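Coordinate analysis (summary)
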Amino acid sequence: MSLGKILVSESDISRTIDQLVQDIVADYGDADILLVGVMDGAVCFLADLMRAFPRSVEVVTARATSYEGTESRGELIINWLPTRERIRGRHVLLVEDIVDTGATVTALTQKIEDLGAASVNVCALLNKPSRRVHDVEVAYIGLDIPNVFVVGYGLDYNGHFRNLRDVRELEE
């Protein structure tokens, strides 16, 4: 595997995050928002997103995996969720690096609703609508990308390439 062309530059990511935060703040107003970052892929996006907010926001993480190499295993494994006490009655914004099939977002949204969230919306840096299997609503989408495997800015291939500052296509 080798790195291919840059699909989303570091400057594009920065501009996209600024716009997403403007949209979120406009929609939520002064409501108390809890950002739930889906680890490990959303680590960079979550960090930059929370720092872009003009006011304090609380942040927790969830951990879920479904990929091995470049292919989905077909099952989602949820390794960690915030406690009911952290979620109950809160306006939750589930922060995802990428939404492709929608399986992760669907499962985590249901789990967070079951924990008593007042509302659950999804914010994703990247969207791959051509891969969608689940009918999922993503309230805040940064950028649509084509159906290619991508790495960088938190997204990985077997643990590699998360550290890239941009998003690149992975080539065989």
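Thresholds applied
Residues numbered from 1 in each chain as written. Predicted model: local features only at pLDDT ≥ 70, side-chain atom pairs only at ≥ 80, totals over all residues. Heavy atoms only, no water. Helix = DSSP H or I, 4+ residues; strand = E, 2+ residues; numbered from the N terminus. Rg over C-alpha atoms; globule rule 2.2 N^0.38 Å. Buried < 20%, exposed > 50% of the residue type's maximum accessible area, 1.4 Å probe, protein only. Contact = heavy atoms within 4.5 Å. Salt bridge = Lys/Arg side-chain N within 4 Å of Asp/Glu carboxyl O. Pairing = 2+ DSSP bridges. Core = buried A, V, L, I, M, F, W, Y, C linked by side-chain atoms within 4.5 Å.

**Focus: the overall build of the protein**
Looking only at helices and strands, the protein has 4 helices and 9 strands in total. For the protein, the succession of helices and strands along the chain, N to C, is β-α-β-α-β-β-α-β-α-β-β-β-β. Over its C-alpha trace the protein gives a radius of gyration of 15 Å, about what one expects of a compact globule, namely 16 Å for 172 residues. C-alpha atoms of the protein, sized along the principal axes, occupy 45 × 35 × 25 Å. Burial statistics for the protein: of 172 residues in total, 42% are counted as buried. A fraction of 67% describes how many contacts in the protein between residues 6 or more apart in sequence connect residues 24 or more apart.

**Regarding the environment of R162**
With respect to the element layout, R162 can be found in the loop between β8 (150-151) and β9 (167-171). Classification of R162 as partly exposed rests on a relative accessible area of 23%. Between the C-alpha atoms of R162 and G41, which are 121 residues apart in sequence, the distance is 7.7 Å. Setting aside residues up to four positions removed in sequence, R162 forms contacts with D40, G41, C44, G152, Y153, G154, L155 and D156.

**A short note on the pattern of salt bridges**
Counted by the stated rule, this structure contains 9 salt bridges. Taking the shortest distance from any N to any O, the salt bridge between E10 and R165 comes out at 3.5 Å. Taken together, the residues span a long stretch of sequence, with E10 in helix α1 (residues 10-28) and R165 in the loop between β8 and β9 at a distance of 155 residues. Classification of E10 as partly exposed rests on a relative accessible area of 43%. Close ionic contact of D32 with R90 constitutes a salt bridge, the shortest N to O distance being 3.2 Å.

**Focus: the environment of D100**
Its location among the elements puts D100 in the loop between β5 (91-99) and α4 (103-114). For D100, a relative accessible area of 10% gives the class buried.

**A look at the pairing of β9**
Relative to β9, strand β1 (residues 2-8) is paired through 4 bridges, and the arrangement is antiparallel. Its bridge partner lying in β9, I6 is registered against R168. Across 2 bridges, β8 lies against β9 in antiparallel orientation. Counted as the bridge partner of V150 is E169 from β9.

**Digging into the nonpolar core**
Within the largest apolar cluster, 28 residues are counted, with the highest numbers of intra-cluster contacts made by F45 and L126. Listed by contribution, the elements that provide at least two residues to this core are α1, β2 (33-39), α2 (43-52), β5 and β6 (119-127). With 6 residues, α1 is the single largest residue contributor to this core. Ignoring sequence-local partners within four residues, the contact set of L126 consists of V8, D97, I98, V99, L143, I145, V150, L155 and V167. With 20 residues, the next largest nonpolar core counts V60, A64, I112 and V136 among its residues.

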